[in-house]
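Secondary and tertiary structure notes
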Amino acid sequence: MQTTLKNYEELHEGDIAFGRYRVRGRLGHGSTSVVYEAESLEDENRVIALKVLNQKSAANQKLVELFRSEVKLAKQLDHPNLVRGYEYVKNGVWEAYAMELLNGGNLHDLIYHNGTLSTEESFHMLEQICCGIEALHSHGIVHRDLKPKNILVSSTWQVKITDFSTALIEGNRPLPYDLGQVGTPEFMSPEVISKGVADERSDIYALGAIAYQMMTGQLPFPQTRFSDQVDSLKRGKILPPHKKNIDCPKRLSKLILKSLREKPARRVQTAAKFLDELRTICANT
Ligand SMILES: Nc1ncnc2c1ncn2[C@@H]1O[C@H](COP(=O)(O)OP(=O)(O)O)[C@@H](O)[C@H]1O
Ligand SMILES: [Mg+2]
């Protein structure tokens, strides 16, 4: 049954989208999109994730441009720890892109369901996240919105970074909105929240916050008020992860805290350095 221009934000199993995919179900959504699992009508063995830009975002030309540049970027990036984009499709007011499907859910849901991850699981995931970040940075790309919801897991526990809608590519591409106001402030560095400026070390901060949540099941700064996230006095001191979880190696706790420092210059400076230290800790644990 061919569905003609129905509401692509509310597709159901069996619906045909863009004249080329049969929807199998809904995978999730973010602030700008709805993501479905779908199979190609030409080859039902080709199963993909279809990210549809929602109508609120489609009405904002700047967000449409960001979405299209996200597609372009995802198609170019070829790395085992970055989600690979396939084709862009459009039908009237609706636009979307197909990408590789990861059917193990996102890291946010995984942590939420399990409380924390074991040290071994955390090492495994962090190593892959670091490799993904390192690959982005080596191409001059800063992700700017790394958080557990943007980290996907395959059924074989391969970990991949997704959602390049806020990625900053070589130089300063201003966003049509204040990043700190739309994202999840808990994973954003103080400089991103307060000034909207980001470099590689802003991604390192997010990496530290992700690692903190993996090891403790909690956020380093649980407040959600933007002003409190910026104001270090109001944010208070971070309790070291090993004090919340006795299984967390002290050296890993130290690495995480060093990634979460307020001043970028005082943080772990690169994903490669984080990875080196992580591997040393892992080998000695
Ligand atoms: N390739 C994919 N495979 C499986 N699930 C996905 C995929 N891409 C996105 N999702 C799910 O959809 C959610 C939203 O996707 P995301 O790209 O982050 O959208 P937004 O840009 O709107 O934030 C993710 O958190 C994840 O749960
Ligand atoms: Mg997202």
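For the structure, check the block above.
Reference entry: report on the structure contained in this document. (Residues numbered from 1 in each chain as written. Chains lettered and ligands numbered in written order. Predicted model: local features only at pLDDT ≥ 70, side-chain atom pairs only at ≥ 80, totals over all residues.)

Before going further, it helps to spend a moment on the overall build of the protein chain. From N to C terminus, the protein chain includes twelve helices and ten strands. Evaluated residue by residue, the protein chain yields a buried proportion of 40% over its 285 residues. In the protein chain, the proportion of contacts linking residues at least 24 apart, taken out of those at least 6 apart, comes to 58%. (Helix = DSSP H or I, 4+ residues; strand = E, 2+ residues; numbered from the N terminus. Buried ≥ 20, exposed ≤ 12 C-beta atoms within 10 Å, placed from the backbone. Contact = placed C-beta atoms within 7 Å.)

Bringing the nonpolar core into the picture now. Counting 71 residues, the largest nonpolar core has Leu-50, Ile-129, Leu-207, Ile-210 and Phe-274 as the members making the most contacts within it. Residue contributions to this core peak at ten residues, all from helix H7 (residues 200-216). Mapping this core onto the domain boundaries places at least three of its residues in each of domain 1 (16-99) and domain 2 (104-283). Here Leu-50 is in contact with Ala-17, Tyr-21, Val-35, Tyr-36, Ala-38, Ala-96 and Ala-98, once residues within four sequence places are set aside. (Core = buried A, V, L, I, M, F, W, Y, C linked by C-beta atoms within 7 Å. Domains from an automatic or database assignment.)

Here we come to the site of ligand 1. As a matter of local geometry, ligand 1 sits amid 22 residues, with Gly-28, Gly-30, Val-35, Ala-49 and Asp-163 nearest to it. Per-element accounting of the shell around ligand 1 gives the leading share, three residues, to strand E2 (residues 21-29). Its residues assigned to classes, the shell around ligand 1 comprises eight nonpolar, ten polar and four charged. (Near = placed C-beta within 6 Å. Nonpolar A, V, L, I, M, F, W, Y, C, P; charged D, E, K, R; others polar.)

Between helix H4 (residues 119-138) and helix H12 (residues 271-283), the shortest axis-to-axis distance is 9 Å and the interhelical angle comes to 160 degrees. In terms of axis orientation, H4 runs roughly antiparallel to H12. Here the hand of the crossing between H4 and H12 comes out left-handed. Mapping the contact onto sequence places Phe-123, Leu-126, Glu-127, Cys-130, Cys-131, Ile-133, Glu-134 and His-137 in H4 and Ala-271, Ala-272, Phe-274, Leu-275, Leu-278 and Cys-282 in H12. (Axes fitted to C-alpha atoms, helices over the stretch in contact; angles between N-to-C directions. Parallel < 35°, antiparallel > 145°, perpendicular 65-115°, else oblique. Left-handed = near helix turned anticlockwise from the far one by under 90°.)

Read across the open sheet, the six strands follow the order E1-E2-E3-E4-E6-E5; overall the sheet is antiparallel. Edge positions in the sheet fall to strand E1 (16-17) and strand E5 (85-91), since each has one partner strand and no second. As paired strands, strand E3 (residues 33-40) and strand E4 (residues 47-53) are joined by seven bridges and run antiparallel to one another. Looking at the pairing, Ala-38 lines up with Ile-48 of E4. (Pairing = 2+ DSSP bridges.)

The two faces of a sheet get side chains in turn, since along a regular strand they alternate between them. Of all the six residues making up strand E6 (residues 94-99), five are buried; the element is thus mostly covered by neighbouring parts of the structure. As paired elements, E4 and E6 share four bridges and run antiparallel to each other. Each residue of the ladder has a partner; that of Val-52, found in E6, is Ala-96. Relative to E6, E5 runs antiparallel, the two sharing five bridges. Its bridge partner lying in E6, Gly-85 is registered against Met-99. The turn joining E5 and E6, which pair antiparallel and follow one another in sequence, is formed by two residues; a positive phi near 60 degrees is taken by Gly-92.

Let's shift gears to unusual backbone geometry. One non-glycine residue, Arg-144, lies in positive phi territory at about 75 degrees. Within the secondary structure, Arg-144 is located in the loop between strand E7 (141-142) and strand E8 (151-153). Its identity as a non-glycine residue notwithstanding, Trp-157 has a phi of 65 degrees, on the positive side. Within the secondary structure, Trp-157 sits in the loop between E8 and strand E9 (159-161).

For H7, built from 17 residues, the straight-helix expectation of 24 Å at 1.5 Å per residue is met to within 8% by its first-to-last C-alpha distance of 25 Å. The element H7 is extensively covered by neighbouring structure, given that 17 of its 17 residues are classed as buried. Following H7 by one or two positions, Gly-217 adopts a phi angle in the positive range, close to 75 degrees. (Expected span 1.5 Å × (residues − 1).)

What follows concerns helix H11 (residues 250-259). Of all the residues in H11, the buried ones are Leu-252, Ser-253, Leu-255, Ile-256, Leu-257 and Ser-259. Of the surrounding elements, those touching the buried residues of H11 are H7, helix H10 (241-244) and H12.

By the element assignment, Pro-185 lies in the loop between helix H5 (179-182) and helix H6 (190-195). Considered as a pair, Pro-185 and Phe-221 are 36 residues apart in the sequence and their alpha carbons are 9.5 Å apart.

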